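# Fold and contact review
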Amino acid sequence: MEASPLAVYQSYLDKGELAYQWSPQAGRAVFYPRLVCPYSGSTQLEWRVASGLGAVYATTVTHPQQGEPYNVALIDCDEGFRLMSRVEDIDPMQVRIGMRVRFRLHKPPGDEPPYSVFVPLEGAR
Amino acid sequence: MNGLKRGGAAIVGAAESDLGHVADGLNPIDLMAQGIARAAEDAGLRLRDIDGLLCATTQSRTSGLNLSEYLGISPRYIDTTILGGSSFMFHVAHAVAALQLGLCEVAAIAYGSTQRSVGRRQASVREINPFETPYRPFLPSTAYALAASRHMHEFGTSREQLAEVAVAARQWALLNPVAWEKKPLTIEEVLNARMVSYPFTVRDICLVTDGGGAIILTTPERARSLKKPPVHVLGCGSAITHANISSMPDLTVTGALESGRQAYAMAGLGPKDIDVVELYDAFTINTILFLEDLGFCAKGEGGSFVSGGRIAPGGALPVNTNGGGLSYCHPGMYGLFLLIEAVRQLRGECGARQVKDAETAIAHGNGGVLSSQSTVILGTAATI
C-alpha cells in the first residue's frame, strides 16, 4: 500500500523540506497534496521540494480571546502554489502583501507534527 | 443556460421561526417545522399539501428524515443539499426544476439552528484540515479577513468603508421590529470595537443567533389560487470556486460573478433593473464584494459605492433591508432569510422599511468561506 499524500508531505517536513506535487500532464504545481490532479484529472503526480521562497498574497492578524494576536497569511511560493501559513520574526501587523518570505520549519511542542512557517527575506524584493 | 424556465415557479409562503435566543429545549427541527407551519398558513396551504421538502442544518445529519417524521409527511421529492449559507438559494433552483418536471407540486424549503443556545462549537463542528488548522485560523472570520486584506491592498478599500456597511445594516435593523440589534451604531464604534481578525472588529462580523424559517414554492398555475400574491422566480444561478480559503483562486473575485451572470441571463434583467438587493453579509467585506460581482458597481469600487449612506435607508440603493446578518439575525446559514425578506418586500409587507414600488429583488447567498455562491432573482406579477 502506498503512503498517503499527507504522510509523504509530512515525511518531507520531518526532514526539514517543504514539498509540493508537480503534475506533468497539467504542467503546473498542485497544492495541497492529493491523489488526483485537479487541473488534468491525471493520477500521475510527482513530488518536488520547493525552494522555500515566496511572497505574501494575503495577511491578517487574528486576536484570540486569550493570548497574543498572531499572523495568518496565504503565501504564494515561487514554484506556483499557494498555502496557508504564518509569518514569524516580525510584528504580525507589519506583515505586508507582496513581502518576500522564506520557509522555516516549525516544531510544535508535544506530539503535533512539524509544519511550515515563513520569515521575512530581508533585502530581497 | 441552465434549463430552468423564467417564472417556472412562484414563492407563495414565507415565514421566520422564532429568532434570537429561542426557548430552552427547542431544536433545529422544531424551528424548521414552526417555520413551515407559519409559511403554510401564510400561503393558505395545509401541511399535507407539501409533497416536496428541501432543508439544511448543521445540527442534524438526516434533517430530511427528521423533519418529514416530525411533520407527518412523506415527500415525493426531497433534497438536503448543504453548501453553507447559500444552501437555500441552491434549494430554490432545485425546487424550480422539481416543480417544472412534476416531481412535486408544493415544495417547502426550511432551515433551523439553535447555535446561540447550544454554542457555535456544538452547532457546527469544525473539520480538521492539516494544511490550515495548525495556523489556528479563527474560521470563518480569518478567511474573510484575508479576502478583505487583498481588497484593501488592490483597491485601497478602507476600514471606514467596511464600517459603512455595518452602519447601514444597523440603520435598516432599527426599522425591523424582529431584528436582534436595537441601538444605533456609528463608524467610530465599529472601528473601536474588539478586534477579531484584522481588519474586522466584532462589529464587522455577523451575529450569532438562533433562528429558522421556511418558504413554500408551487407552480405558477397553483399559485394563482392561493392567499398571497405570488412572487415569481425569474432567475437562478450558482457557482462553486473552492472549499478552503487557501484554494480560492482570486480573493477579490467571488463566484457571484458567475452565479449573477446566470441569474440575470435567465431573468432577462440586469443590475439596473433590480429594486431591492439582499446580499449575504456574514462580514462587511461580503456586501462590497457582492455589489461588485453582481454588477451594481465596478470591481474595486465597492468601498466608495457603500460610503455616505448609499445603501442605508434613504440611500440610492436599498441593500439588506431587514438589517442583514450583521444586525438582524444570523443563525449560521443565513441564506433563507434573504429570500424571506425579498418576498416580503415584493409583497409590500415591510412597514417602515418597505422599499416603494418594489417589483424586482435579488437574493444572493454565500456559503463556506466565499466558497459557494447562489443567486435568485424574484419579481412580482408585473414582471411576468
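Residues numbered from 1 in each chain as written. Chains lettered and ligands numbered in written order. Predicted model: local features only at pLDDT ≥ 70, side-chain atom pairs only at ≥ 80, totals over all residues.

## Topic: the interface of chain A and chain B
Taken together, the contact pairs 18 residues of chain A with 20 residues of chain B. Put simply, the parts of the chain that give the side of chain A that touches chain B at least two residues each are β4 (53-62), β5 (70-77) and β6 (82-85) of chain A. (Contact = placed C-beta atoms within 7 Å. Helix = DSSP H or I, 4+ residues; strand = E, 2+ residues; numbered from the N terminus.)

## Quick word on the environment of F290 of chain B
All names here are of chain B. Among the structural elements, F290 can be located in helix α11 (residues 284-293). A sequence separation of twelve residues divides F290 from G302, and the C-alpha atoms of the two residues are 8.6 Å apart. Excluding anything up to four places from it in sequence, F290 contacts A256, L279 and H364.

## Let's talk about the packing of helix α1 (residues 28-43) of chain B against helix α2 (residues 63-71) of chain B
Residue and element names in this part refer to chain B. Relative orientation of the contacting elements α1 and α2 amounts to 55°, with a least axis distance of 10 Å. Between α1 and α2, the interaxial angle falls into the category oblique. Read as a crossing pair, α1 and α2 show a hand that is right-handed. Here α1 contributes I29, M32, A33 and I36 to the contact with α2, which in turn contributes S63, N66, L67, Y70 and L71. Residue classes in the contact of α1 with α2 are distributed as seven nonpolar, two polar and no charged. (Axes fitted to C-alpha atoms, helices over the stretch in contact; angles between N-to-C directions. Parallel < 35°, antiparallel > 145°, perpendicular 65-115°, else oblique. Left-handed = near helix turned anticlockwise from the far one by under 90°. Nonpolar A, V, L, I, M, F, W, Y, C, P; charged D, E, K, R; others polar.)

## Quick word on unusual backbone geometry
Residue P140 of chain B is reached from L139 of chain B by a cis peptide bond, and omega for that bond is 5°. Along the polypeptide, P140 of chain B turns up in the loop between α5 (120-123) and α6 (141-155). With an omega of 10°, the peptide bond running from Y198 of chain B to P199 of chain B counts as cis. One can find P199 of chain B in the loop between β5 (195-197) and β6 (200-201). Positive phi outside glycine occurs at D89 of chain A, with the angle close to 65°. Along the chain, D89 of chain A turns up in the loop between β6 and β7 (100-106).

## Some thoughts on the confidence of the model for chain B
Residues of chain B with pLDDT of at least 70 account for 100%, and the chain-wide mean is 97. Across the interface, the model reports ipTM at 0.97; the global pTM reads 0.98. (pLDDT = per-residue confidence, 0-100.)

## Notes on the nonpolar core
In summary, soluble globular proteins display a tendency toward joint burial of nonpolar side chains. Among the nonpolar cores identified, the biggest contains 152 residues, and V92, I109, I215, I216, L339 and L378 of chain B are the most heavily contacted of them. Ignoring sequence-local partners within four residues, the contact set of I109 of chain B consists of L54, C55, F88, H91, V92, A95, A214, I215 and L336 of chain B. (Core = buried A, V, L, I, M, F, W, Y, C linked by C-beta atoms within 7 Å. Buried ≥ 20, exposed ≤ 12 C-beta atoms within 10 Å, placed from the backbone.)

## Digging into the sheet that holds strand β3 (residues 46-49) of chain A
Residues and elements named next belong to chain A. As summarised here, the arrangement of the three strands in space is β2-β1-β3, forming an open sheet in which the pairing is antiparallel. Sheet topology places β2 (28-30) and β3 at the edges, where each strand pairs with a single neighbour. Taking each pair of neighbouring strands and ignoring which way they run, the sheet shows an average axis angle of 45°. (Pairing = 2+ DSSP bridges.)

## Quick look at the domain arrangement of chain B
Residue and element names in this part refer to chain B. You can read the domains of chain B as domain 1 (10-121 + 209-232) and domain 2 (138-205 + 235-383). Taken together, the contact between domain 1 and domain 2 spans 33 residues of the former and 37 residues of the latter. Mapped by element, the contributors of at least two residues to the side of domain 1 that touches domain 2 are β1 (10-16), α3 (87-100), β4 (106-113), β7 (211-218) and β8 (231-240). Taken together, the residues that form the side of domain 1 that touches domain 2 break down as 17 nonpolar, 13 polar and three charged. (Domains from an automatic or database assignment.)

## What to know about the domain arrangement of chain A
All names here are of chain A. Parsing chain A into structural domains produces domain 1 (1-49) and domain 2 (51-125). The C-alpha centroid of domain 2 is placed 21 Å from the C-alpha centroid of domain 1. Listed as interface residues are nine residues of domain 1 and, on the opposing side, twelve residues of domain 2. Considering every element that reaches the side of domain 1 that touches domain 2, the biggest residue donor is helix α1 (residues 5-14), with three residues. A per-class count over the side of domain 1 that touches domain 2 returns five nonpolar, two polar and two charged.

## Side note on the pairing of β8 of chain B
Residue and element names in this part refer to chain B. Taking burial as the measure, the ten residues of β8 include nine buried ones, the bulk of the element. As paired elements, β8 and strand β11 (residues 372-379) share eight bridges and run antiparallel to each other. When the sheet's bridge partners are listed, S238 is paired in β11 with S374.

## Remarks on α6 of chain B
Structural remark: α-helix, 3.6 residues per turn; residues separated by three or four positions point the same way. If you check α6 of chain B, its first and last C-alpha atoms are 21 Å apart, about what 15 residues at 1.5 Å a residue would give, namely 21 Å. For α6 of chain B, the full list of buried residues reads S141, T142, A143, Y144, A145, L146, A147, A148, S149, R150, H151 and M152 of chain B. Each element contacted by the buried residues of α6 of chain B is listed here: β4 and β5 of chain A together with α7 (159-173), β5, β6 and α11 of chain B. Downstream of α6 of chain B by a residue or two, G156 of chain B has a phi angle that is positive, lying close to 75°. (Expected span 1.5 Å × (residues − 1).)

## Here we look at the environment of V118 of chain B
All names here are of chain B. Mapped onto the secondary structure, V118 falls in helix α4 (residues 115-118). The exposure class assigned to V118 is partly exposed, which follows from the 14 C-beta atoms found within 10 Å. Taking C-alpha positions, V118 is 18 Å from W180, a pair spaced 62 residues apart along the chain.

## What to know about the sheet that holds strand β10 (residues 360-367) of chain B
All names here are of chain B. Ordered by their spatial adjacency, nine strands build an open sheet running β3-β2-β4-β7-β1-β8-β11-β10-β9, and the pairing between neighbours is mixed. Looking at the sheet topology across the chains shown, the edges are occupied by β3 (77-79) and β9 (276-279). Along the sheet, successive strands turn relative to each other by an average axial angle of 20°, direction set aside. By the bridge criterion, five bridges tie strand β2 (residues 52-56) to β4 in an arrangement that is parallel. Looking at β4, one finds that A56 is bridged to Y111. In the packing of α2 onto the sheet, the strands contacted are β2, β3 and β4, and the crossing angle to β2 comes to about 125°. Contacts between helix α14 (residues 335-347) and the sheet are confined to β1, β4, β7, β8, β9, β10 and β11, with β10 contributing the most and set at about 175° to the helix.

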